[in-house]
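Fold and contact review
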Amino acid sequence: MDVQLLVTEPDTDIVLFANEKMNQAYNIKYDPVGQPCWKVYHGLTKRCKKCPIQQLYDNPEIPVTWENYSERTGRWYHNTDAMIEWTDGKVVHLQQAVNITERRKNEEVLRRQQEQQKFTSVVARHFITGNDAQQQIYRAIRATGMLLNLDRIVLARIV
């Protein structure tokens, strides 16, 4: 199964269960059961700011889906958190996380390709319109600056 699973007590954040995939992702080499999740997996001294537990308390029937980047693992995750009934009948917090780092990288590549395609279209359009050459070059340089997020581009000829 390519999903990280973490089960905690909602009031104390104490880990009740973590699958091997979860522990491997965070390089945990010991059994984290009985310790706060925020300490084990994030090295914090209190609950994570991004923890959706309050949303789950407010609407326990509705799972919370969210994405985040983990500084600790250097990966992006798609998370689904829910309140479920545990084996002993208690209501617990279940988090399922899937590593989406490759998808995020591919999305960034696609975004850059779309920007380049838009840039190429702008440059081509300016050369097709029949404006004078100086204006065409100026617009092409300006479009290049926008693509590269530059305020100013200077062309110089060194003789």
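Quick caveat: nothing in here was measured; it's all calculated off a predicted structure.

1. Some words on the overall build of the protein chain
Each helix and strand counted, the protein chain has 5 helices and 5 strands in total. Listing every helix and strand of the protein chain by position from the N terminus yields β-β-α-α-α-β-β-β-α-α. Out of the 159 residues belonging to the protein chain, those deemed buried represent 32%. Here the analysis covers contacts within the protein chain between residues at least 6 apart in sequence; of these, 36% occur between residues at least 24 apart. About 11200 Å² of surface is accessible on the protein chain, with carbon and sulfur atoms providing 53% of the total.

2. Thoughts on empty space enclosed by the protein
Overall, the coordinates contain 1 cavity of 30 Å³ or more when judged by the stated rule. In this structure, the largest cavity occupies an estimated 250 Å³ of space. Taken together, 22 residues form the lining of the largest cavity, with Leu6, His42, Cys48, Trp66 and Gln95 sitting closest to its centre. Those elements that place two or more of their residues in the lining of the largest cavity are β1 (4-8), α2 (37-42), β3 (64-70), β4 (75-85) and β5 (91-99). In terms of residue count, β1 provides more of the lining of the largest cavity than any other element does, 4 residues in total. Split by residue class, the lining of the largest cavity holds 12 nonpolar, 7 polar and 3 charged.

3. Looking at the packing of aromatic side chains
If you walk through the whole model with that rule in mind, you get 4 aromatic pairs. Centre to centre, the rings of Phe17 and Trp86 are 6.5 Å apart; their planes meet at 40 degrees, and the pair counts as tilted. With Phe17 in strand β2 (residues 15-18) and Trp86 in the loop between β4 and β5, the pair connects residues that are 69 residues apart, well separated along the chain. Classification of Phe17 by relative accessible area gives partly exposed; the value is 34%. Ring pairing ties together the aromatic residues Tyr26, Tyr41 and Tyr77, which thus form one cluster. Lying across the ring of Trp76, Arg104 places its NZ or CZ 3.6 Å from the centre.

4. Concerning the pattern of salt bridges
For the structure shown, the criterion picks out 10 salt bridges. Residue Lys105 is joined to Glu102 by a salt bridge in which the shortest nitrogen-to-oxygen separation is 3.7 Å. Of this pair, Lys105 and Glu102 both sit in helix α4 (residues 101-128), 3 residues apart, which is roughly one turn of the helix. With relative accessibility at 52%, the residue Glu102 sits in the exposed group. A salt bridge links Arg103 to Glu107, with the shortest nitrogen-to-oxygen separation between them at 3.1 Å. One end of the pair is Arg103 and the other is Glu107, both in helix α4 and 4 residues apart, which spans about a single turn.

Parameters at a glance
- Residues numbered from 1 in each chain as written.
- Predicted model: local features only at pLDDT ≥ 70, side-chain atom pairs only at ≥ 80, totals over all residues.
- Heavy atoms only, no water.
- Helix = DSSP H or I, 4+ residues; strand = E, 2+ residues; numbered from the N terminus.
- Buried < 20%, exposed > 50% of the residue type's maximum accessible area, 1.4 Å probe, protein only.
- Contact = heavy atoms within 4.5 Å.
- Areas by Shrake-Rupley, 256 points an atom, 1.4 Å probe, with all protein chains shown as cover.
- 1 Å grid on protein atoms, 1.4 Å probe; cavity = no way out; pocket = protein on both sides within 12 Å on 5 of 7 lines; lining within 4 Å.
- Points joined across faces, edges and corners; volume = space filled by probe spheres on them.
- Nonpolar A, V, L, I, M, F, W, Y, C, P; charged D, E, K, R; others polar.
- Phe/Tyr/Trp six-rings, centres within 6.5 Å; stacked < 30°, edge-to-face > 60°.
- Lys NZ or Arg CZ within 6 Å of the ring centre and 35° of its normal.
- Salt bridge = Lys/Arg side-chain N within 4 Å of Asp/Glu carboxyl O.

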